[in-house]
Amino acid sequence: MGLNAKAGIIPCMALLAFLAGGCGYSLTVSGAQGDGPERALFVPVVENQTAESGLGVQLADAFMEELVRTRRFVPAGRRDAGFVLWAAVRSIHDEGLARRTGGDAFTRRVRLVVDARLEDASGRTLWQEVGISQHEDYVVSQEDIQLTRSARQNALARLSERLARNVGDRISTGVEGF
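What counts, and where the lines are drawn
- Residues numbered from 1 in each chain as written.
- Predicted model: local features only at pLDDT ≥ 70, side-chain atom pairs only at ≥ 80, totals over all residues.
- Heavy atoms only, no water.
- Helix = DSSP H or I, 4+ residues; strand = E, 2+ residues; numbered from the N terminus.
- Buried < 20%, exposed > 50% of the residue type's maximum accessible area, 1.4 Å probe, protein only.
- Contact = heavy atoms within 4.5 Å.
- Areas by Shrake-Rupley, 256 points an atom, 1.4 Å probe, with all protein chains shown as cover.
- 1 Å grid on protein atoms, 1.4 Å probe; cavity = no way out; pocket = protein on both sides within 12 Å on 5 of 7 lines; lining within 4 Å.
- Points joined across faces, edges and corners; volume = space filled by probe spheres on them.
- Nonpolar A, V, L, I, M, F, W, Y, C, P; charged D, E, K, R; others polar.
- pLDDT = per-residue confidence, 0-100.
- Phe/Tyr/Trp six-rings, centres within 6.5 Å; stacked < 30°, edge-to-face > 60°.
- Core = buried A, V, L, I, M, F, W, Y, C linked by side-chain atoms within 4.5 Å.
- Axes fitted to C-alpha atoms, helices over the stretch in contact; angles between N-to-C directions.
- Parallel < 35°, antiparallel > 145°, perpendicular 65-115°, else oblique.
- Left-handed = near helix turned anticlockwise from the far one by under 90°.
- Polar contact = N/O pair within 3.5 Å; in protein donor to acceptor, adjacent residues only side chain to side chain.

Considering the overall build of the chain
Looking only at helices and strands, the chain has 3 helices and 6 strands in total. Along the chain, from the amino end to the carboxyl end, the secondary structure elements read α-β-β-α-β-β-β-β-α. Expressed as a percentage of its 178 residues, the buried residues of the chain come to 38%. Long-range contacts, defined here as pairs at least 24 residues apart, represent 61% of the contacts in the chain between residues at least 6 apart. For the chain, the exposed surface amounts to about 10,300 Å²; the carbon and sulfur share of it is 52%.

What follows is the structure, given as structure tokens:
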């Protein structure tokens, strides 16, 4: 296979991964303790009301991973799920924190505001909160914009994981039996 053929495969694989993620996060695990519709969860792609590309998939993955990791739920497809976690990113905001002598920011903070709702299979809301807010700081490079972009993406990944833990904790305290 020539170099040009290999170069064409990578964008196709990335597009395929993106399209597969757009259908909602689901996989099937069997044999887990408590396995069955009473603990089966589906997390569709989080509604993203911002211009931040890929954030809805990233958050849906983080929510599912956290709620399965803590053994509160097992993952399921939409038809087999006893619960659905709906969420929406209402806003994302970046702000400068620390500044250099010349006034340029060298530390920034990214803040997400998310609404989330847990429903049972019949569509009844078991838990809901609006305006869940979390933030994460990152360092700005004046020499390399790619380093700054990478630092911001890493901050968004950490922020997604922390939001997922926060939502999982809120569900476990807000819904009896979780």
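That was the structure; now back to the text.
A closer look at the layout of surface pockets
Picture a little ball the size of a water molecule; that probe, rolled over the atoms, points out where space is still empty. Of the pockets and cavities examined, the largest pocket occupies roughly 180 Å³. Contributing to the lining of the largest pocket are Gln58, Asp61, Ala62, Glu65, Glu66, Arg69, Ala157, Ser160, Glu161, Ala164 and Arg165. Secondary-structure elements contributing two or more residues to the lining of the largest pocket are α2 (55–69) and α3 (145–174). The element that contributes the greatest number of residues to the lining of the largest pocket is α2, accounting for 6 residues. Classifying every residue of the lining of the largest pocket by side-chain character gives 3 nonpolar, 2 polar and 6 charged.

Considering the confidence of the model for the chain
In regions of low pLDDT, the predicted coordinates are not meant to be interpreted in detail. Scored by pLDDT, the chain has a mean of 82; 76% of the residues are at 70 or more. Ranking the elements of the chain by mean pLDDT puts helix α1 (residues 3–21) last, at 44, and strand β2 (residues 47–48) first, at 98. Considering only residues more than four positions removed or in separate chains, one finds that residues 1–37, a stretch of pLDDT under 50, has 33 contacts.

A word on the packing of aromatic side chains
Tallied over the full model, the rule gives 1 aromatic pair. Between phenylalanine 73 and phenylalanine 83, the ring centres sit 5.4 Å apart and the planes meet at 70 degrees, which makes this aromatic pair edge-to-face. Taken together, the residues phenylalanine 73 in the loop between α2 and β3 (74–75) and phenylalanine 83 in strand β4 (residues 83–99) connect sequence positions 10 residues apart. The class for phenylalanine 83 is buried, based on a relative accessible area of 10%.

Some points on the nonpolar core
As a rule of thumb, soluble globular proteins bury nonpolar side chains together. Among the nonpolar cores identified, the biggest contains 34 residues, and Leu41, Phe63, Leu85, Leu118, Trp127 and Ile171 are the most heavily contacted of them. Within the residue set of this core, elements represented by two or more residues are α2, β4, β5 (105–120), β6 (125–139) and α3. The element best represented in this core is α3, accounting for 8 residues. Apart from residues lying up to four places away in sequence, phenylalanine 63 is in contact with Val43, Val46, Leu85, Ala87, Leu163, Ala164 and Val167. Counting residues in hydrophobic clusters, the runner-up holds 6 residues, among them Ala40, Ala76, Ala81 and Val84.

Quick notes on the packing of α2 against α3
At their nearest, the axes of α2 and α3 sit 8 Å apart, and the two run at 45 degrees to each other. As judged from the angle between their axes, α2 and α3 are oblique. Here the hand of the crossing between α2 and α3 comes out right-handed. Taking contact as the criterion, the partners of Leu55, Gln58, Leu59, Ala62, Phe63, Glu66 and Leu67 in α2 are, on α3, Leu156, Ala157, Ser160, Glu161, Leu163, Ala164, Arg165, Val167 and Gly168. Its residues placed into classes, the contact of α2 with α3 shows 10 nonpolar, 3 polar and 3 charged.

Focus on the side chain of glutamate 52
Summarising the element assignment, glutamate 52 is placed in the loop between β2 and α2. Looking at glutamate 52, the relative accessible area reads 15%, which means it is buried. Only 3.4 Å separates the side chain of glutamate 52 from the side chain of glutamine 153, close enough to count as a polar contact. Once you skip the residues sitting within four places of it in the chain, glutamate 52 turns out to touch Ile92, Arg152, Gln153 and Leu156.

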